[in-house]
Amino acid sequence: MSDTVIRVEGLGKKYIIGHQRNGSDGLRHVLQDKLTAPFRWLRNPQSAIRNPQSEPFWALKDVSFDVTQGEVVGIIGRNGAGKSTLLKILSRITEPTEGCVRIRGRVASLLEVGTGFHPELTGRENVFLNGAILGMTREEIKRKFDEIVAFAEVEKFLDTPVKRYSSGMYVRLAFAVAAHLEPEILIVDEVLAVGDEAFQKKCLGKMDKVAQQGRTVFFVSHNMPSIKRLCTTVILLSDGRLVERGSPDSVVAAYLQTDSTRKAMVELAESEHLIDSPLQVRTVEVLNSKGKRSDLLLFGETIFIRLGVEVKQPITGARIGIGIQANGVRVATLHAPPVDIAPSEQLQSFTCSLPSSTLLPNVYSLHVGAYRAETGGLDWVPDAIDFRIEAVSVDGLNDHDQRDSGLVRLNASWEGDLLPSTATLLSAAPSSAKRNS
């Protein structure tokens, strides 16, 4: 028997988007249309498609893939890419417009946490109600009841109506019920976006356990380290189409490096310079390890910062500088060696490279300028450009998702009775590590 448990062929989902003629007379026109032609929609439902006030929108278009037993599939993409629509079709919540889906096995879905909870019922009653809605038998719920309650951490409020729960308590209990299903295929949409940080880690651990049990899992998340940790395959959707499928490392890297929306190159206006001098930094660019402009970089990439400097009269001993700032703290100040610069109609280029894995994931701001030892400051532009380092490693190892680890990774050495000697460490280190040390 084939190991394929899900087969998607030419899947498409179309919606009709309506447009009002005018915000002030939309209701009047709607009433007028209904009164003048009350049976038009019944006689010809397709007229809505031809109506100039409406247009078709393909949430999914020509999506095809197979999934084998035990595969953990991550689905990523920007908002509106079609991720949730795909999961709703796989969960049989909505029907496709075209194409087909073949599924072998019991399916459980966690798409909207808390769907099926009744606000007037207690937490205890809602566990049984929601469990039944999700497909669990009463005996199964009884057997897992204590485990569900312990996972949600709501023992004290179990006999309180859930309408009195905080939003965090509500989602904890809802996820706890859904997380204890035992289907062959589990479909999960953005569960790690709920609850506090501690509970999100618990959710991630539960998802990890489900994956290790050999079940087939579909997992949608914007948390890229979690996608890389849990998934064996990743699907990238864009504008309703499947644009890439492959290993988590390659697909996540492709998504992050094409998803940057902020400017990775700025031209500085005259008014942004705080010092009036014949030398001014005119352009600032941030480039990734491939030499392409990008304000979103992966942890472990070499970062290049390129400055274009305008000089209107000869200057000796000029030192071009960059200040790196994050969270209101100056991380580092870097200066190029002093140079003599002659006037030129072309911008003089200066490029600074930051060694890989030095800056930890965060958002950084660059201050740019120049100074001369004899006379002091020549130019200064604070907050010239921003860039972000994403908590996903380029080498697929040791993804950095710790927000309390500081801003800079230091190449420190350790010695101790139980540790190998420094000489042993150096001889065992790969050539790339020696070059970076």
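Analysis parameters
Residues numbered from 1 in each chain as written. Predicted model: local features only at pLDDT ≥ 70, side-chain atom pairs only at ≥ 80, totals over all residues. Heavy atoms only, no water. Buried < 20%, exposed > 50% of the residue type's maximum accessible area, 1.4 Å probe, protein only. Helix = DSSP H or I, 4+ residues; strand = E, 2+ residues; numbered from the N terminus. Pairing = 2+ DSSP bridges. Arc of directions from axis to C-beta. Contact = heavy atoms within 4.5 Å. Axes fitted to C-alpha atoms, helices over the stretch in contact; angles between N-to-C directions.

Student: Lay out the pairing of strand β14 (residues 315-326) with the relevant residues and their values.
Tutor: Burial runs high along β14: 10 of the 12 residues are buried. The pairing of β14 with strand β16 (residues 339-341) spans two bridges and is antiparallel. Looking at the pairing, I315 lines up with I341 of β16. Pairing of β14 with strand β15 (residues 329-335), which is carried by six bridges, proceeds in the antiparallel orientation. Along β15, the bridge assignment pairs Q325 with R330.

Student: Describe helix α5 (residues 123-133), naming the residues involved and giving the relevant values.
Tutor: When we look at burial in α5, the residues that qualify are G123, N126, V127, N130 and G131. Taken down its axis, α5 places every buried residue within 130° of arc, on the same side. Residues of α5 that are buried sit in contact with α6 (138-152) and α7 (167-179).

Student: Break down the sheet that holds strand β9 (residues 241-246) for me, citing the residues and quoting the values.
Tutor: Reading across the sheet, the six strands line up as β5-β6-β7-β3-β8-β9 and stay open at both edges, with mixed pairing between neighbours. One side of each edge strand has no neighbouring strand; the edge strands of this open sheet are β5 (107-110) and β9. Strand after strand, the sheet turns through a mean of 15° between neighbouring axes, direction not considered. Judged from the five bridges that link them, strand β8 (residues 233-238) and β9 form a sheet pairing that is antiparallel. Bridge pairing in β9 places L236 opposite E244. Across the sheet, helix α4 (residues 83-90) lies against β3 (72-76), β5, β6 (185-189), β7 (216-220) and β8, angled at about 150° from β6, the strand it touches most.

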